[in-house]
Amino acid sequence: MRDITFSLLLVSMLVTRPAPRPASAEDLATYEDWSTAATIRADRWAASSDLGHERRRELHGSTLAMRYRREGLTFSDTGSTGFFSNRLGLRNPVSVTQLEADLEVRDLIVTGCMANPTASIARAAAIDLNRMSDLPPGTPSAPGDLTGDHIARIEVRRLSDSMDPDGVMEVRALLFRSDNPGGTLTTLVAGPIILGQVATRQVFQLRLSWNPESNEFRAALNDGPNASLAYTPASNARPANSPFATIRIQHLPANCTAGPTVGDAEIAVHAVRTNASAVIP
Amino acid sequence: MKRPFAQAGWISLLAAGLAGLVPAPAAVALEPVAVYESWRGSSTLNSHRWLVREDGQNQEIALGIQGHRLHMRHRREGGGASNAGATTGVQALLAQNPLSIERIEVDLQVHNLEVSGCAANPGTTVVRPARLALATFNDGGVGVGQIGDHVILILVSAPADALEAGSVLTVEGDLARCVTADCGATVSIASAGTVTVPVSKPFTLRAAWDRANHQVFIGVSDHPDVALRYDAALDAARARVPFAALRTAVTTANCTAAPTVADVELAVREVRTNVSAIIPDR
């Protein structure tokens, strides 16, 4: 498994490249450092979570503490129960072209099932940008329908069958298209590109930007090079029908008749930066 | 006007009797209750017993076990674009075996409560620290989803817009009929009336369905249970969407002057159900 990891890292190094900063790129500015209010500001953030178990979104000092725990179902030993999130959404996603977050995974548990070859996946932290759709302009879409929307994501994840040392997570970037209204069916458009690894109790930075002039999203971990998530111009036929810019915890627990598998992540969200024009005073 | 629970129940029963409801008979033998959950067997929720759901867009939320209690916190701010309308957020704890539950009792205590309304949009910023709901039967009415389902609802509400030193919680109990597919709207079939409880004191909510005798029971703390009878013909089948749930809800008015706030932290102590509904520790 380690060999595979190293191979993936090697491959990712080959496809990652320093991406020149476009002349039109805005400067990043602080969107949120949790210093202007004792609670989450409703004018900056809209949050929600899916069916699951323990959860948390609370401010403590200058960090936002998030937790999400979800157990899997026990009716079978095949597949996973689904994907479930606790998400923090920026209020103005159509203004966001760059998103950078300082994050820390404080605790992570992901367990699998001996009888189920499908591993549980814990996405302890992820940042998403959904800005464009490949549906032809004028095609009617119901509010909230994700069909045709393209989601760029950097995810910090660990699988239940990981051979990495405890607390080590893989960071990868990908671009995928939602093929149905709920986003449960998707097609991979670009990536996944391995950006590196992080460990629990380590503050790291994820950075995602949309560069429509060069038909790509760019993704980076810490001071690493930008990885390009390229797409064809046809993918950007019109704005996303259900745009979002989010920070989330997401679990995909495997089904298991022997007993429920578990995904449980606690993270700290430190500063969040966006392109300056997206900042809400 | 606030009336004692039992007294109000009898008044409502007399009124309801005109519509086909009759006063309840003397106590009947229901299956005894025992502890369904004491939050002592594990430091995390047992998914065989519980599932948690969040609805609406909230800001802070927290749900977890601390010190043999389940703490449920829930906060949202209102929008600032106008002085009209309001938005509700909900956090619900759903029992996983609702078809087995005929009696449910929960011991609760409000640990924190904050309400800040809007002078230009009064009366709609409200915290409802608890609502215990138990779905019972469906009346066979035409419709989809939960339309026609009848639900025992015990709703605990704090005063709208602001709390004062002597504020109390109001507890209302009803047998209600769902009139929309998602049961977001209901009409009361019979009411047990209202009682009040101090904000900071522990209290108990009790709901029971005595299907054989076409009645439900609603109780609060030391107040005697109120029986609400219904026409046997209404019980055409089990509820289309069976559920037994405890939830917190916060509603915040829109306000241009400043964000309204509704914030509640509820401690769920022991939960008891009829014995046959209990799911063993794992």
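Criteria and cut-off values
Residues numbered from 1 in each chain as written. Chains lettered and ligands numbered in written order. Predicted model: local features only at pLDDT ≥ 70, side-chain atom pairs only at ≥ 80, totals over all residues. Helix = DSSP H or I, 4+ residues; strand = E, 2+ residues; numbered from the N terminus. Rg over C-alpha atoms; globule rule 2.2 N^0.38 Å. Buried ≥ 20, exposed ≤ 12 C-beta atoms within 10 Å, placed from the backbone. Contact = placed C-beta atoms within 7 Å. Nonpolar A, V, L, I, M, F, W, Y, C, P; charged D, E, K, R; others polar. Pairing = 2+ DSSP bridges. pLDDT = per-residue confidence, 0-100. Core = buried A, V, L, I, M, F, W, Y, C linked by C-beta atoms within 7 Å. Axes fitted to C-alpha atoms, helices over the stretch in contact; angles between N-to-C directions.

1. Describing the overall build of chain A
The helix and strand inventory of chain A stands at one helix and 15 strands. The globule rule puts the C-alpha radius of gyration for 281 residues at 19 Å, and the 18 Å found for chain A is close to it. Overall, chain A is about 55 × 45 × 40 Å in size when its C-alpha atoms are taken along their principal axes. For chain A, the proportion of its 281 residues judged to be buried stands at 49%. The contacts of chain A with a sequence gap of at least 6 include a subset with a gap of at least 24, amounting to 75%.

2. Quick notes on the overall build of chain B
Regarding its fold elements, chain B presents one helix and 16 strands. Its C-alpha atoms give chain B a radius of gyration of 19 Å, within 12% of the compact-globule value 19 Å for 282 residues. Oriented by its inertia axes, the alpha-carbon framework of chain B measures out at about 55 × 50 × 40 Å. A burial count over chain B gives 48% of its 282 residues as buried. Sequence-distant contacts, at least 24 apart, represent 75% of the contacts inside chain B between residues at least 6 apart.

3. Some details on the interface of chain A and chain B
Listed per partner, the contact involves 21 residues of chain A and 20 residues of chain B. Secondary structure elements with two or more residues in the side of chain A that touches chain B: strand E2 (45-49), strand E3 (55-60) and strand E4 (63-71) of chain A. Per-element tally for the side of chain A that touches chain B: the top contributor is E2 of chain A, with five residues. For the side of chain A that touches chain B, the class distribution of residues is seven nonpolar, six polar and eight charged. In the sheet, E3 of chain A pairs with strand E3 (residues 61-66) of chain B via three bridges, with the strands oriented antiparallel. In the sheet register, Arg56 of chain A faces E3 of chain B, and the bridge partner there is Ala62 of chain B.

4. Some remarks on the confidence of the model for chain A
Mean pLDDT over chain A works out to 92, with 91% of the residues at or above the 70 mark. Segment residues 1-23 of chain A: pLDDT under 50, and 23 contacts once partners within four positions in sequence are set aside and those in other chains are kept.

5. Focus: the nonpolar core
One finds Leu134 and Ile152 of chain B to be the most contacted residues of the largest nonpolar core, which totals 71 residues. The residues contacting Leu134 of chain B, other than those within four sequence positions of it, are Ile101, Ile104, Val151, Ile152, Ala207, Trp209 and Ala244 of chain B. Formed by 63 residues, the second largest nonpolar core is a distinct cluster that contains Val105, Ala152, Phe217 and Cys256 of chain A.

6. What about the environment of Gly145 of chain B?
Residue and element names in this part refer to chain B. Position of Gly145 among the secondary structure elements: in the loop between strand E7 (126-138) and strand E8 (149-157). Sequence-wise, Gly145 and Ala92 are 53 residues apart; in three dimensions their C-alpha atoms are separated by 19 Å. When sequence neighbours within four positions are dropped, the list of residues in contact with Gly145 reads Ala181, Asp182, Arg240 and Val241.

7. Here we look at the sheet that holds strand E10 (residues 186-199) of chain A
All names here are of chain A. As summarised here, the arrangement of the seven strands in space is E2-E5-E14-E7-E8-E9-E10, forming an open sheet in which the pairing is antiparallel. The sheet is open, and its two borders are formed by E2 and E10, each paired with just one other strand. Adjacent strand axes in the sheet meet at a mean angle of 20 degrees, parallel and antiparallel pairs treated alike.

8. Notes on the environment of Glu104 of chain A
Residues and elements named next belong to chain A. You can see Glu104 is positioned in strand E6 (residues 98-110). Classification of Glu104 as partly exposed rests on a count of 18 C-beta atoms within 10 Å. A C-alpha to C-alpha distance of 32 Å links Glu104 and Asp179, two positions 75 residues apart in sequence. Not counting residues up to four positions away in its chain, the partners in contact with Glu104 are Arg201, Gln202, Val203, Ile267, Ala268 and His270.

9. Some details on unusual backbone geometry
Residues Gly191 of chain A and Pro192 of chain A are joined by a peptide bond in cis, for which omega reads 0 degrees. Its location among the elements puts Pro192 of chain A in strand E10.

10. Here we look at the pairing of strand E15 (residues 262-275) of chain A
Residues and elements named next belong to chain A. Burial of E15 is extensive: 11 of the 14 residues sit out of reach of the surface. Where strand E1 (residues 28-32) and E15 come together, four bridges link them in antiparallel fashion. Bridged to Ala29 within E15 is Thr274. The sheet contact formed by E4 and E15 spans eight bridges and is antiparallel. Directly across from Met66, in E15, lies its bridge partner Ile267. Relative to E15, E6 runs antiparallel, the two sharing 10 bridges. Pairing of Asp107 across the sheet is with Glu266, part of E15.

11. Section: the environment of Asn180 of chain A
All names here are of chain A. Relative to the assigned elements, Asn180 resides in the loop between strand E9 (168-178) and E10. Asn180 sits in the exposed class, given 12 other C-beta atoms within 10 Å. Asn180 sits 42 residues away from Asn222 along the chain, and the two C-alpha atoms are 33 Å apart. Excluding residues within four positions of it along the chain, Asn180 makes contact with Thr147 and Leu185.

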